Amino acid sequence: MPVRDKGVVVTGAGHGIGRALATRLAAEGARVVVNDLDAEAAQEVAAAIGGHAVPGDAASQDGVAALVERAREQLGGIDAWFANAGIARGEGLDTSEADWAASLEINALAHVRAARLLVPGWIEAGGGRFVVTASAAGLLTALGSPTYSVSKHAAVAFAEWLSATYRHRGVVVQAICPQGVRTRMYEASGALRDVMAHDATLTPDDVADAMWDALQDDRFLVLPHPEVAGYYAGRAADTDRWLRGMNKLQQRLDAAQTAVKET
């Protein structure tokens, strides 16, 4: 995808992976709208990269509609949408209804709402790009957090459906699925950090580099941690063996959490 002079929106771009994506795209010549609930962070990033700050909600139906409208005003048109905003809330079966609802709204339904508004215009124009920042949790699972695991699986599933349905009409869909990345979410993950850091802990810039490489060949799965491809294949080939392995990791996590409580 040539990005020079293209109109691009990156949600959740005030920090972490979103900020790195927006920065890389702007450096390659894209005209970038920086969206984040944190208005100050969005404005700071936009000023640093020469982009346009459009802070606000990128998940609710009204919020997505307002963001699309304002982005079109700033850019003249939207050629690519990087659906990066996401949250991690809740742990275990006691996760509240509110955390379940918020996780599904932001991590999955936000993508559906954006696609509804963007895809018809892309089909008419002959093409567009929809990129979802999912997670390796969307291909495997997320120990500890059922809300994150389920909502990220939903994000990948919707991206797959979107690609299967519209790729012949010029809509390119991609899903970024990293493991451990040094973001605020990672730093707040407690004992799970050891699990996520099993292979390597990347920087947000590393993820942006992987995304840039994937823009050159339009591959659907963007795997900043290449090991994830092997785990994904192993999961499909022998699901019970894979689940036994994940349960062993869960037992290690339980033991680590118990040790912390006892100190």
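Up top you'll find the structure we're talking about.
Before going further, it helps to spend a moment on the overall build of the chain. Across its full length, the chain carries ten helices and seven strands. Computed over its C-alpha atoms, the radius of gyration of the chain comes to 18 Å, within 12% of the 18 Å expected for a compact globule of 263 residues. The proportion of buried residues among the 263 residues of the chain is 45%. Only carbon and sulfur atoms are counted for the fraction: they give 51% of the accessible area of the chain, which is about 12,600 Å².

With that settled, the discussion passes to the nonpolar core. Grouped together as the largest cluster of nonpolar side chains are 38 residues, with contacts concentrated most on Val 9, Ile 78, Trp 81, Leu 118, Trp 122 and Phe 130. Put simply, the parts of the chain that give this core at least two residues each are helix H3 (61-75), strand E4 (80-83), helix H4 (97-125), strand E5 (128-133), helix H5 (146-166), strand E6 (171-176) and helix H10 (239-262). Ala 20, Leu 21, Ala 26 and Ile 49 belong to the second largest nonpolar core, which has 30 residues in total.

With that out of the way, let us pick up the sheet that holds strand E2 (residues 31-34). Taken in spatial order, the seven strands line up as E3-E2-E1-E4-E5-E6-E7 in an open sheet, and their pairing is parallel. Edge positions in the open sheet fall to strand E3 (52-53) and strand E7 (221-222), since each of these has one partner strand only.

With that out of the way, let us pick up the pairing of E4. Residues Ala 80 and Phe 82 line one face of E4 and the alternating positions Trp 81 and Ala 83 line the opposite face, and both faces are buried. Sheet topology note: the strand E1 (residues 7-10)/E4 ladder contains three bridges and is parallel. Note on E4: the bridge partner recorded for Val 8 is Ala 80. Judged from the four bridges that link them, E4 and E5 form a sheet pairing that is parallel. Its bridge partner lying in E5, Phe 82 is registered against Val 131.

Right, let's talk about the side chain of Asn 35 for a bit. The topology assignment puts Asn 35 in the loop between E2 and helix H2 (39-49). With relative accessibility at 2%, the residue Asn 35 sits in the buried group. From its side chain, Asn 35 meets the backbone oxygen of Gly 56 in a polar contact 3.1 Å long. Setting aside its immediate chain neighbours within four residues, Asn 35 contacts Val 10, Thr 11, Gly 12, Ala 13, Gly 14, Val 54, Pro 55, Gly 56, Ala 58 and Leu 67.

Before going further, it helps to examine the environment of Ile 123. Tracing the chain through its elements places Ile 123 in helix H4. Spatially, the C-alpha atom of Ile 123 lies 6.0 Å from that of Arg 169, the residues being 46 residues apart in sequence. If we skip the residues at most four places from it in the chain, Ile 123 touches Tyr 166, Arg 169 and Val 171.

Turning our eyes to something else, we now look at the packing of H3 against H4. Between H3 and H4, the least distance of the axes is 9 Å, while the angle of their chain directions is 45°. Relative to H4, H3 is oriented oblique. At the point where H3 passes H4, the crossing takes the right-handed sense. Contacts from Gln 61, Val 64, Ala 65, Val 68 and Arg 72 of H3 reach H4 at Ala 110, Arg 113, Ala 114, Leu 117 and Leu 118. Here the residues of the contact of H3 with H4 sort into seven nonpolar, one polar and two charged.

To continue, consider the environment of His 225. Structurally, His 225 is set in the loop between E7 and helix H9 (227-237). A sequence separation of 175 residues divides His 225 from Gly 50, and the C-alpha atoms of the two residues are 30 Å apart. Every residue in contact with His 225, bar those within four places of it in the chain, is listed here: Pro 178, Gln 179, Gly 180, Val 181, Ala 200 and Leu 202.

Per the stated rule, a full pass over the model turns up two aromatic pairs. Centroid distance Phe 158 to Trp 161: 6.0 Å. Interplanar angle 20°. Geometry classified as stacked. With Phe 158 and Trp 161 both in helix H5, this residue pair falls three residues apart, about one helical turn. Exposure remark for Trp 161: the relative accessible area of 46% places this residue in the partly exposed category. Aromatic pair Trp 161 and Tyr 166: ring centres 6.0 Å apart, planes at 80°, arrangement edge-to-face. Ring pairing ties together the aromatic residues Phe 158, Trp 161 and Tyr 166, which thus form one cluster. Here the guanidinium or amino end of Arg 235 rests over the ring plane of Trp 242, the centre of that ring lying 5.4 Å away.

Examined bridge by bridge, E1 and E2 share four bridges and lie parallel to one another. Pairing of Val 9 across the sheet is with Val 33, part of E2. The handedness of the E1 to E2 crossover, carried by helix H1 (residues 16-27), is right-handed.

Criteria and thresholds
Residues numbered from 1 in each chain as written. Predicted model: local features only at pLDDT ≥ 70, side-chain atom pairs only at ≥ 80, totals over all residues. Heavy atoms only, no water. Helix = DSSP H or I, 4+ residues; strand = E, 2+ residues; numbered from the N terminus. Rg over C-alpha atoms; globule rule 2.2 N^0.38 Å. Buried < 20%, exposed > 50% of the residue type's maximum accessible area, 1.4 Å probe, protein only. Areas by Shrake-Rupley, 256 points an atom, 1.4 Å probe, with all protein chains shown as cover. Core = buried A, V, L, I, M, F, W, Y, C linked by side-chain atoms within 4.5 Å. Pairing = 2+ DSSP bridges. Polar contact = N/O pair within 3.5 Å; in protein donor to acceptor, adjacent residues only side chain to side chain. Contact = heavy atoms within 4.5 Å. Axes fitted to C-alpha atoms, helices over the stretch in contact; angles between N-to-C directions. Parallel < 35°, antiparallel > 145°, perpendicular 65-115°, else oblique. Left-handed = near helix turned anticlockwise from the far one by under 90°. Nonpolar A, V, L, I, M, F, W, Y, C, P; charged D, E, K, R; others polar. Phe/Tyr/Trp six-rings, centres within 6.5 Å; stacked < 30°, edge-to-face > 60°. Lys NZ or Arg CZ within 6 Å of the ring centre and 35° of its normal. Right-handed = clockwise from strand over helix to strand, strands pointing away.

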